[in-house]
Amino acid sequence: MEEPVNFTANLFRFDEPMPDGRIISKDSFKNYDGQTVPVTAKFDNSEAKELIGTAILRATENGIIAECTIDDIVKHALEPSTMSAYVTSIMQMDSANPKVVTSGEINSITCHNK
């Protein structure tokens, strides 16, 4: 029996600037549709730490969403609207400004504390 999804949140919105100025191009991560990645509580820009659950990624017309299932003990401390992805092997095509991401490897997502 599958665990129920605790929450669904936008991970990436296509063609909108990210906080670091990059833009995720449409279909950049479409190969991750249906893939499961770990959800962590800590992220330090080099690796994900403290596994708290899993997320199934879904490619939509507007971006990538994460359907998250997390451990009961940590549910109350999370802010589902603030998530980040640990992505490696990022491919970018140089454009005027900012850089446009065309692909990469989604290793995990981090759901930040309130």
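The rules we used
Residues numbered from 1 in each chain as written. Predicted model: local features only at pLDDT ≥ 70, side-chain atom pairs only at ≥ 80, totals over all residues. Heavy atoms only, no water. Salt bridge = Lys/Arg side-chain N within 4 Å of Asp/Glu carboxyl O. Core = buried A, V, L, I, M, F, W, Y, C linked by side-chain atoms within 4.5 Å. Buried < 20%, exposed > 50% of the residue type's maximum accessible area, 1.4 Å probe, protein only. Helix = DSSP H or I, 4+ residues; strand = E, 2+ residues; numbered from the N terminus. Contact = heavy atoms within 4.5 Å. Phe/Tyr/Trp six-rings, centres within 6.5 Å; stacked < 30°, edge-to-face > 60°.

1. Describing the pattern of salt bridges
Under the criterion given, the structure shown has three salt bridges. The shortest N-O distance in the salt bridge between R22 and D20 comes to 3.6 Å.

2. Focus: the nonpolar core
Counting residues in each nonpolar core, the largest one holds 25 residues, and the members touching the most others are F12, F29 and I109. When contributions to this core are tallied by element, the ones reaching two or more residues are β1 (7–13), β3 (36–43), β4 (48–59), β5 (63–70), β6 (78–93) and β7 (100–113). If we skip the residues at most four places from it in the chain, I109 touches L11, V37, P38, V39, T40, A55, A66, C68, M83, S84 and A85.

3. Brief notes about the packing of aromatic side chains
Counting across every chain of the model gives two aromatic pairs. Here the aromatic rings of F12 and F29 are separated by 5.0 Å at their centres, their planes lie at 15°, and the arrangement is stacked. One end of the pair, F12, is in strand β1; the other, F29, is in the loop between β2 (23–24) and β3, with 17 residues separating them in the sequence. Exposure class is identical for F12 and F29. Each is buried. Put simply, the rings of F12, F29 and Y32 pair up and form one aromatic cluster.

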